[in-house]
Amino acid sequence: MALHITHMGRTRGRPFPGQAEYEQTLHDLSEASVQRNFDPYVDIDWDSPELAVTPDDPRWILDSRFDPIGRTQWYRSQPRSKQIEMGMWRQANVAKVGLQFESVLIRGIMQYTAVQPNNSPEFRYATHEAKEECQHTLMFQEFVNRIGMDVPGGPLWFRRLSPIIPLAATTFPMIFYMGVLGGEEPIDHVQKQFLRSGIEQHPTMTAVMQIHVAEEARHISFAHQLLEHRVPTRGVFPRFLLSLALPLVMRSLLTAIAVPPREFRTRFEIPRSEWKQMYWRSPESQAVKREVFGDVRLLAEKTKLMNPVSRLLWRALGIDGRVSRFRSEPAYSAG
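*Asks:* Please set out empty space enclosed by the protein residue by residue, giving values where relevant.
*Replies:* As enumerated under the stated definition, the model contains 2 cavities of 30 Å³ or more in all. In this structure, the largest cavity occupies an estimated 550 Å³ of space. Along the walls of the largest cavity sit 34 residues, with Arg-90, Gln-91, Val-94, Val-190 and Phe-194 positioned nearest its centre. Those elements that provide at least two residues to the lining of the largest cavity are helix H4 (80–114), helix H5 (121–147), helix H8 (173–197), helix H9 (203–230), helix H10 (236–258), helix H12 (272–281) and helix H13 (283–291).

See below:
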């Protein structure tokens, strides 16, 4: 079989450990994308009465088990109508942030595929992924439109840097794919929690989450596999720099994805002291911050990106914690 050498690996004609397994995984992921994919305008009946969005629906109230806002006494003490409005705004904004992140991802992926050589298995799978992410942006925007809240999405710094971030896909591809995990892992983690819990939520949210989780499993697997096989091909010093970049990327994107923008706090007059407890001073929110990156810490251990210095950085950023025993291991809580 011909040796496939990609821009990412820079193996200079030499095979890298696990190359055959890696390329077979990409082939399997590509075939799965062909055999099992979704179209939000085919697979979601947006106009069905069951999915109608109404402003007095209590299913929009933020759940106290999983949402940092919903678990506060301040939120639970608000009038029911305000709780519902805050929940609708919050969920619409989460979808808008997801759309903006995936827009960055699509642009970066297409730049990455543009430099792949002929016969590259990465070209094929990454292009499948970009196609699926386009469907997700359609789905998220339709969800936002149906809720009817004019939400901004991510923080201002993320929106301003959006045109620049995709350039990293070819200049710093491993950091770019770290960013892929930094954006996808928190959303995927929370959505899986909701779906596993059986919490009653609006059926439109459930439909969107089910499609997103099903396809994101492949996307996250690709990023993990790519980093797991490519990082070891780098020299000692580049790997050390990557070990520091990984927690920094995770922490910055967690804030961009998970924390609502200033407009939310202003609109609903959330006291500053309450906001600080939500993000990230309360023991519960600190636990969530650690919990979402168990799989990434597993990746760091596998690729030797977890060293004494980087371990200190994970702890200083408040995202250290238990390493997953296997990818997508469910979170276990003492309660």
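Read on for the rest.
*Asks:* Can you explain the nonpolar core? Please cite residues and give values.
*Replies:* Counting residues in each nonpolar core, the largest one holds 87 residues, and the members touching the most others are Tyr-177, Met-178, Phe-222 and Met-250. Examining the composition of this core, we find that 13 residues originate from one element, H4, more than from any other.

*Asks:* Any details on the packing of aromatic side chains? Residues and values, ideally.
*Replies:* One pair of aromatic rings is described through two measures. These are the centre distance and the angle between the planes. Per the stated rule, a full pass over the model turns up 13 aromatic pairs. Note on Trp-89 and Phe-264: the rings are 5.1 Å apart at their centroids and 45° apart in plane angle, and the pair reads as tilted. One end of the pair, Trp-89, is in helix H4; the other, Phe-264, is in helix H11 (residues 262–267), and 175 residues separate them in sequence. One aromatic cluster is present, built from ring pairs that chain together Trp-89, Phe-264, Phe-268, Trp-275, Tyr-279 and Trp-280.

*Asks:* Provide a residue-level description of a nonpolar patch on the surface, including the pertinent values.
*Replies:* On the surface, Trp-157, Leu-161, Ile-164 and Leu-167 cluster together into a nonpolar patch covering about 370 Å² of accessible area. Considering the arrangement of structural elements, one finds Trp-157 in helix H6 (residues 156–161). Looking at Trp-157, the relative accessible area reads 38%, which means it is partly exposed.

*Asks:* Account for the pattern of salt bridges, with residues named and values stated.
*Replies:* Under the criterion given, the structure shown has 16 salt bridges. Asp-47 is the partner of Arg-146 in a salt bridge, and the nearest nitrogen-oxygen pair spans 2.9 Å. In this pair, Arg-146 sits in helix H5 while Asp-47 sits in the loop between helix H2 (40–43) and helix H3 (73–76), placing the two residues 99 residues apart along the sequence. When its relative accessible area of 31% is taken as the criterion, Arg-146 is described as partly exposed. The class of Asp-47 is exposed, set by a relative accessible area of 65%. A salt bridge links Lys-302 to Glu-228, with the nearest nitrogen and oxygen atoms 3.9 Å apart. With Lys-302 in helix H14 (residues 294–302) and Glu-228 in helix H9, this pair connects stretches of sequence that are 74 residues apart. One connected set of salt bridges, linked through shared partners, spans Asp-47, Glu-142 and Arg-146.

*Asks:* Please provide a residue-by-residue account of the packing of H4 against H5, values included.
*Replies:* Where H4 meets H5, the axes come as close as 8 Å, and the angle between the chain directions of the two elements is 155°. The orientation of H4 relative to H5 falls into the category roughly antiparallel. Crossing of H4 against H5: the hand is left-handed. Split into classes, the residues belonging to the contact of H4 with H5 amount to 17 nonpolar, 8 polar and 5 charged.

Rules used throughout
- Residues numbered from 1 in each chain as written.
- Predicted model: local features only at pLDDT ≥ 70, side-chain atom pairs only at ≥ 80, totals over all residues.
- Heavy atoms only, no water.
- 1 Å grid on protein atoms, 1.4 Å probe; cavity = no way out; pocket = protein on both sides within 12 Å on 5 of 7 lines; lining within 4 Å.
- Points joined across faces, edges and corners; volume = space filled by probe spheres on them.
- Helix = DSSP H or I, 4+ residues; strand = E, 2+ residues; numbered from the N terminus.
- Core = buried A, V, L, I, M, F, W, Y, C linked by side-chain atoms within 4.5 Å.
- Buried < 20%, exposed > 50% of the residue type's maximum accessible area, 1.4 Å probe, protein only.
- Phe/Tyr/Trp six-rings, centres within 6.5 Å; stacked < 30°, edge-to-face > 60°.
- Patch = residues over 30% accessible without salt bridge, like charges linked within 9 Å, V, L, I, M, F, W, Y side chains within 5 Å.
- Areas by Shrake-Rupley, 256 points an atom, 1.4 Å probe, with all protein chains shown as cover.
- Salt bridge = Lys/Arg side-chain N within 4 Å of Asp/Glu carboxyl O.
- Axes fitted to C-alpha atoms, helices over the stretch in contact; angles between N-to-C directions.
- Parallel < 35°, antiparallel > 145°, perpendicular 65-115°, else oblique.
- Left-handed = near helix turned anticlockwise from the far one by under 90°.
- Nonpolar A, V, L, I, M, F, W, Y, C, P; charged D, E, K, R; others polar.

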